[in-house]
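Overview (structure and organization)
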Amino acid sequence: MHRKIRGLPASPGIVVGRVHLLRWEVPDVRHRIIPDEEVPAEVERFRQAVERAKERLRHVRDRVEAATSHEEAAIFDVQISVLDDQILRGSVEELIGQNLAAEKAFDLVMLEWRQRFARHANAMMRERVGDLTDVHIRVLSLLLELPDHDPVDVPKGADAILVTHDLTPGLTVQLDRETIVGIATDAGTRTSHVAILARSLGLPAVVGLRIATEELQGGERIILDGGTGVLIIEPSDEDIAEYRGRARREAELEHELRQYSALESITPDGVSITLRANVDLPEEAELAATSGADGVGLMRTEFLVVGRANMPDEDEQYRAYKRVLDAFGGKPVVIRTYDIGGDKLPVGGFPTEANPFLGWRAIRMCLDQPDLFRTQLRALLRTAVHGDLRIMLPLIVTLDEVRAARAIMAEAAAELVARGVPHRSDVPLGIMVETPAAALACDLLAGDVAFFSIGTNDLVQYTLAVDRGNANLAARFTPLHPAVLRLIQRTVEVGETASLEVCVCGEMASQPLMAFALLGLGVRQMSVSPRAIALLKRVIRSVPLATATEAVQAAMGLATAAEVERELSQRLHAAVGDTSWLGGE
Ligand code: PEP
Ligand code: MG
């Protein structure tokens, strides 16, 4: 008899595979004293563990390099260099010399180093905490003779389903997609960045399972259904046949939906809605361009950085942005400046701030590190000569930030003039409206920006005070809460008065019921993951705008998200008739 664990659907697709359990956590280390005569042997044991860890890292590096790129593999060179650090090794050996067992000595030194790096003023240095943590886990596992769990070194052809407590975006991009066929995590929600990335990579995922790592030992056969958020443990042959049937039906539905991607995105009462794609990785661009999207509404540039040892330089960024622009051949492409921080960076399961989502992230970090910001802006201004590029600033809360960013953009342009490099200095500069401050005060921002893009993932998080990545709060993450709807409505109205384009680029837009709500709120532009474009076109072509507007008018008088959802859902279903394709609500 099979067992089922329910989580949250994060990235669709049904796969059958074997559990690859990843316990990538720093193990507990007992305080252990050794007698004087054992000291030399203990030092030797430590040195051997370091050599074995380095050997393993070189092997993992080569595998990652073969599967991805030199840049992504470079992170392992950084980890090797940590193990070669004479000061670090000297400190450990000194403690062993004072009769501490090798594992305890290494544990103490690594804790101290991680803390020191976590407090570093420089973001890239703080990100090294993730590498230190990885090294910490690797060497301790060897010294304590613990089973070898490796996040990136899974045997080929294993059809592995990675089950772990939480994953960082850095680790997610490094996964070997030929061996890992699905991801299941205890933590996370639909809007956490691991879920967003899994969708971009087309990797089926279930998050928010809470107990998966407790319930599973590793090696079990499971079915992972990313569309409904379920794991079936030790399925029978009938279960597998049933799920294979489901997977076939999903594929048929997708095939049926695909015909919509080539159609116009226009409501039955003749209102055109602009649909754009969210692109998280440059490699996605070509596929995204075939989705039927009218350009890119959000490119998340921070994913160029995660899992990397160094920030990409100007030329590398230029190539990445140009690839996206070229793929969309002249259509608008909105590229967002780094939104580093929150749950994206740093890595290693080791938060370096008490409240990362309220912390030094996104535009705050870029303004405080003008060199890093100018490099990105130069790359963007150079790319802009090749098409309709627009720049977007994340996490704006005040007009000062927009003005400061514009000043740095002018400096970046001046640098390119001095170098004689072709560029455009008049690139439209817009903002994400993703904080209650920006939404409430968007009239004060409108005069200084070229467009608004509402980021509902963060707007919901900050408005409702619900951490977007916390599985325990997933049911409280309600984009249809009246407070959120009012903020969206206000932003749309202010945008209209100021003749600014207003897009919605959060996850909310990709779910039919929510998209129906957005249409009724006056939103005429949405940006969603490429896979959601066809579904959204079908919604738009099925629902008269007047119906959506009336539905929202009725819903705005209601007091709770649940009441709003009921009201909208009834009206949407009444308007659409056959609702079998709507799914996902
Ligand atoms: C958002 O916050 O809604 C958004 C689109 O940006 P991100 O998910 O990258 O924070
Ligand atoms: Mg955001």
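Treat the numbers as computed from the prediction; the structure is a model and nothing was measured.

1. Side note on the domain arrangement of the protein chain
Segmentation of the protein chain into domains returns domain 1 (3-23 + 150-254), domain 2 (36-143) and domain 3 (271-530). Centre-to-centre separation of domain 2 and domain 3, based on C-alpha positions: 36 Å.

2. Observations regarding the sheet that holds strand β6 (residues 205-207)
Strand order in the open sheet made by the eight strands is β1-β8-β7-β3-β4-β5-β6-β2, with mixed pairing throughout. In this open sheet, the two edge strands, each paired with only one partner strand, are β1 (3-6) and β2 (8-11). Geometrically, the sheet is characterised by an average inter-axis angle of 30° between neighbouring strands, direction not taken into account. Running at roughly 25° to strand β7 (residues 221-225), helix α9 (residues 237-258) makes contact with β1, β3 (14-22), β7 and β8 (230-233) of the sheet.

3. Details of helix α17 (residues 456-464)
The element α17 is extensively covered by neighbouring structure, given that eight of its nine residues are classed as buried. Those residues of α17 not exposed but buried are Thr-456, Asn-457, Asp-458, Leu-459, Val-460, Gln-461, Tyr-462 and Leu-464. Lining the buried residues of α17 we find α7 (193-201), β10 (296-300), α15 (436-440), β14 (451-454), α18 (482-497) and β15 (501-504). At the exit of α17 stands Ala-465, carrying a positive phi of roughly 55°.

4. What to know about the packing of aromatic side chains
A full pass over the atoms with the stated rule returns two aromatic pairs. With a centroid separation of 5.9 Å and an interplanar angle of 45°, the aromatic rings of Phe-46 and Phe-106 are classed as tilted. Residue Phe-46 is located in helix α1 (residues 39-67), and its partner Phe-106 is located in helix α4 (residues 102-118); the two are separated by 60 residues in the primary sequence. We note that Phe-46, like Phe-106, is buried.

5. Points about the coordination of the magnesium ion (ligand 2)
Tetrahedral coordination by four donors sets the ideal angle at the metal to 109.5 degrees; octahedral coordination by six donors sets it to 90 or 180 degrees. The coordination sphere of the magnesium ion (ligand 2), as far as protein atoms go, consists of Glu-434 (OE) and Asp-458 (OD), spread over 2.0 to 2.1 Å. Placement of Glu-434 in the loop between β13 (429-433) and α15 and of Asp-458 in helix α17 is noted, with a sequence separation of 24 residues between them.

6. Focus on the nonpolar core
With 107 residues, the main nonpolar core has Phe-452, Ile-488 and Leu-568 as its most contacted residues. Here the element with the most residues in this core is helix α14 (residues 399-419); it accounts for eight residues. If we ignore the near neighbours within four places in the chain, the residues touching Leu-568 are Leu-480, Leu-513, Phe-516, Ala-517, Ala-551, Val-552 and Ala-555. Judged by nonpolar contacts, the second largest core, of 36 residues, contains Val-29, Ala-73, Ile-96 and Leu-100.

7. A closer look at the pattern of salt bridges
Tallied over the full model, the rule gives 43 salt bridges. Here Asp-107 and Lys-104 are joined by a salt bridge, their closest N and O atoms 3.8 Å apart. Residue Asp-107 and its partner Lys-104 are located together in helix α4, separated by three residues, close to a single helical turn. Overall, Lys-104 belongs to the buried group, its relative accessible area being 13%. One salt bridge in this structure joins Arg-246 and Asp-225, with 3.8 Å as the shortest N-O distance. In this pair, Arg-246 sits in helix α9 while Asp-225 sits in strand β7, placing the two residues 21 residues apart along the sequence.

8. Details of the site of ligand 1
Residues in close proximity to ligand 1 total 16 residues, the closest being Arg-300, Arg-336, Gly-455, Asn-457 and Arg-468. The backbone of Thr-456 places a nitrogen or oxygen atom 3.1 Å from an oxygen atom of ligand 1. For ligand 1, the protein covers 100% of the area, taking 290 Å² as the surface of the free molecule. Mapped onto the shell around ligand 1, the elements with two or more residues apiece are α7, β10 and α17. Element by element, the count of residues in the shell around ligand 1 is highest for α17, at three residues.

9. Considering the packing of helix α3 (residues 86-97) against α4
Between α3 and α4, the shortest axis-to-axis distance is 8 Å and the interhelical angle comes to 135°. When the axis of α3 is compared with that of α4, the two are oblique. Relative to α4, the crossing made by α3 is right-handed. Only Ala-102, Ala-105, Phe-106, Leu-108, Val-109, Met-110 and Trp-113 of α4 make contact with α3, whose side of the interface consists of Ile-87, Leu-88, Ser-91, Val-92, Leu-95 and Ile-96. A breakdown of the residues in the contact of α3 with α4 according to their chemical character gives twelve nonpolar, one polar and no charged.

10. Observations regarding the packing of α17 against α18
Across the interface, α17 lies against α18 with an axial gap of 10 Å and an inter-helix angle of 130°. As far as their axial angle goes, α18 and α17 are oblique. In terms of crossing hand, the pair formed by α17 and α18 is right-handed. Contacts between α17 and α18 involve Thr-456, Leu-459, Val-460, Thr-463 and Leu-464 from the former and Ala-483, Val-484, Leu-487 and Ile-488 from the latter. Split by residue class, the contact of α17 with α18 holds seven nonpolar, two polar and no charged.

11. Some thoughts on unusual backbone geometry
Even without being glycine, Glu-145 reaches a positive phi, approximately 55°. By the secondary structure assignment, Glu-145 is in the loop between α5 (123-143) and β4 (160-164). You will see that Leu-395, though not glycine, has its phi angle at about 55°, which is positive. Residue placement: Leu-395 occurs in the loop between β12 (389-393) and α14. Overall, Leu-395 belongs to the buried group, its relative accessible area being 1%.

12. Re the environment of Gly-506
Relative to the elements of secondary structure, Gly-506 occurs in the loop between β15 and α19 (512-520). Judged by relative accessible area, Gly-506 falls into the buried class, the value being 3%. Taking the C-alpha atoms as reference, Gly-506 lies 21 Å from Ile-266; in sequence the two are 240 residues apart. Aside from chain neighbours lying at most four places away, what touches Gly-506 is Ile-454, Gly-455, Thr-456, Asn-457 and Ser-527.

Reading the values: rules and limits
- Residues numbered from 1 in each chain as written.
- Chains lettered and ligands numbered in written order.
- Predicted model: local features only at pLDDT ≥ 70, side-chain atom pairs only at ≥ 80, totals over all residues.
- Heavy atoms only, no water.
- Domains from an automatic or database assignment.
- Pairing = 2+ DSSP bridges.
- Helix = DSSP H or I, 4+ residues; strand = E, 2+ residues; numbered from the N terminus.
- Axes fitted to C-alpha atoms, helices over the stretch in contact; angles between N-to-C directions.
- Contact = heavy atoms within 4.5 Å.
- Buried < 20%, exposed > 50% of the residue type's maximum accessible area, 1.4 Å probe, protein only.
- Phe/Tyr/Trp six-rings, centres within 6.5 Å; stacked < 30°, edge-to-face > 60°.
- Donors = N, O, S within 2.8 Å, 3.2 Å for Na, K, Ca; no water.
- Core = buried A, V, L, I, M, F, W, Y, C linked by side-chain atoms within 4.5 Å.
- Salt bridge = Lys/Arg side-chain N within 4 Å of Asp/Glu carboxyl O.
- Near = heavy atom within 4 Å.
- Polar contact = N/O pair within 3.5 Å; in protein donor to acceptor, adjacent residues only side chain to side chain.
- Areas by Shrake-Rupley, 256 points an atom, 1.4 Å probe, with all protein chains shown as cover.
- Parallel < 35°, antiparallel > 145°, perpendicular 65-115°, else oblique.
- Left-handed = near helix turned anticlockwise from the far one by under 90°.
- Nonpolar A, V, L, I, M, F, W, Y, C, P; charged D, E, K, R; others polar.

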